[in-house]
Amino acid sequence: MEKLQETVKKIQPIDQQAVEKAAQRLDMLTKPQGSLGVLEDIVKQLAGITGNPIPRLGKKCVVIMAGDHGVVEEGVSAFPQEVTPQMVINFLNGGAAINVLSRHAGADIVCCDIGVASDVKHPSLIIKKVRYGTANMAKGPAMSREEATRAIEVGIEVAEDKIKGGVNILATGEMGIGNTTPSSAILTVFGCPVEKVVGRGTGIDDKGLALKIKTIIKAIEVNDPDPSDPIDVLSKVGGLEIAGLAGVILAAAAHRIPIVIDGFISSAAALVASKIEPRSVQYMIASHVSEEPGHKMMLEMMRLYPMLHMKMRLGEGTGAALAFHIIDAATHIQSEMATFESAGVSRSSSR
């Protein structure tokens, strides 16, 4: 708990003076004010995060947290649990969608076994297993409060290790069969109607969807999570990889590093992080809105605005990896575009 408390204490508001200076320069560039829309918003946010009005991206990294879920025994997933370790190996061997998109974006990938239900061996795997998967939340708490806290701290440790190695922008990724169920449960506890929150995940049919809703309702009734206590919610109806990603997000904010949020599961982690320390939201960049119906609700709850609408629902960090290109583009606009004065272009008379 000490590591978590220390991290949260370090999270401060972004630098508003740097935001204002970035905005002033954007208004001097050869374009109508605000005409580059979200690109300008990204520049100002990055300026506030880094304290540099002309922010530059350096080393990028996608952090993938992997963990299993006991609730899959209720039949809530279209895929069997053994897919989790198989996909972890696929990540580490470079064969998954996130590998392709990260390579294209010039981003590194690290994968951490924080709670896979079996032992996975690979020389590149970070093994910080808190437990072998969560318990079935439909029958009791997914994990203890101590385990949830430890999982958050694992995420902090992994993020800090990458930051020490020179990474200055992070993105969230995950792997865990069944993890849309705890993500939906977390959102339900924080105030959204379960019927509007739950989606089809990896592709369950109508019968499976009804079972998934029933399972989430049962888990919340059995565990009675306290919405005013985010760690209680996480421990009772959450997941180990969700907790780990919450730690990654908090660490990024504590070290003034932008954190690009991927899809539904990553946003569940972001929502938990925002409840632990609301100022952490200032460091989050929403990459896309997924096909999971609850994802849009999560983003709205945090007042985050996704830059991409790609009908994606894969996870892994794929949306975040795509967003790296747009974030890169925004920083190049700020640093490379000519000003009215330098280009000898007349300003609008309405200025």
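Just above sits the structure.
Residues numbered from 1 in each chain as written. Predicted model: local features only at pLDDT ≥ 70, side-chain atom pairs only at ≥ 80, totals over all residues. Heavy atoms only, no water.

Draft legend 1. Structural detail: the state of the cysteines. Across all of its chains, the model carries zero disulfides by this definition. Unpaired in terms of disulfides, Cys-111 finds its nearest cysteine sulfur in Cys-112, a separation of 7.4 Å. Judged by its relative accessible area of 1%, Cys-111 falls in the buried class. (Disulfide = S-S within 2.5 Å. Buried < 20%, exposed > 50% of the residue type's maximum accessible area, 1.4 Å probe, protein only.)

Draft legend 2. Quick look at the pattern of salt bridges. Evaluation of the coordinates by the stated rule reveals 12 salt bridges. Ionic pairing is found between Asp-206 and Arg-200, a salt bridge with its closest N-O pair at 2.6 Å. The class of Asp-206 is exposed, set by a relative accessible area of 56%. Here Arg-200 falls in the partly exposed class, since its relative accessible area comes to 36%. (Salt bridge = Lys/Arg side-chain N within 4 Å of Asp/Glu carboxyl O.)

Draft legend 3. The pairing of strand β4 (residues 167-175), seen in detail. In terms of burial, β4 is a largely internal element, eight of the nine residues being buried. Here strand β1 (residues 59-67) runs beside β4; their pairing, made up of eight bridges, is parallel. Note that in β4 the partner of Lys-59 across the bridge is Val-167. Pairing between β4 and strand β5 (residues 259-261): two bridges, direction parallel. Across the sheet, residue Leu-170 finds its bridge partner in β5, namely Ile-259. (Helix = DSSP H or I, 4+ residues; strand = E, 2+ residues; numbered from the N terminus. Pairing = 2+ DSSP bridges.)

Draft legend 4. The arrangement of the packing of helix α1 (residues 2-10) against helix α6 (residues 145-164) in detail. Across the interface, α1 lies against α6 with an axial gap of 9 Å and an inter-helix angle of 55°. Of the possible angle classes, the one that applies to α1 and α6 is oblique. The two elements α1 and α6 cross, and the hand of that crossing is left-handed. In this structure, α1 uses Glu-2, Lys-3, Leu-4 and Thr-7 to contact α6, whose residues at the interface are Thr-149, Ile-152, Glu-153, Ile-156 and Glu-160. Looking at the contact of α1 with α6 residue by residue, the classes come out as three nonpolar, two polar and four charged. (Axes fitted to C-alpha atoms, helices over the stretch in contact; angles between N-to-C directions. Parallel < 35°, antiparallel > 145°, perpendicular 65-115°, else oblique. Left-handed = near helix turned anticlockwise from the far one by under 90°. Contact = heavy atoms within 4.5 Å. Nonpolar A, V, L, I, M, F, W, Y, C, P; charged D, E, K, R; others polar.)

Draft legend 5. Fine view of the nonpolar core. With 78 residues, the main nonpolar core has Ile-152, Leu-170, Ile-186, Ile-259 and Met-284 as its most contacted residues. When residues in this core are grouped by element, the largest group, 12 residues, is from helix α11 (residues 240-254). Leu-170 has contacts with Cys-61, Val-63, Ala-159, Lys-162, Ile-163, Val-248, Ala-252, Ile-257, Pro-258, Ile-259 and Val-260, leaving out every residue within four places of it along the chain. Core analysis: the next-biggest nonpolar cluster, separate from the first, contains 40 residues, Ile-64, Ala-96, Ala-105 and Ile-169 among them. (Core = buried A, V, L, I, M, F, W, Y, C linked by side-chain atoms within 4.5 Å.)

Draft legend 6. Layout of α11. Between its first and last C-alpha, α11 extends 21 Å over 15 residues, near the 21 Å set by a 1.5 Å rise per residue. Of all 15 residues in α11, 15 are buried, a share of seventy percent or more. Arg-256 lies just past α11 and shows a positive phi near 55°. (Expected span 1.5 Å × (residues − 1).)

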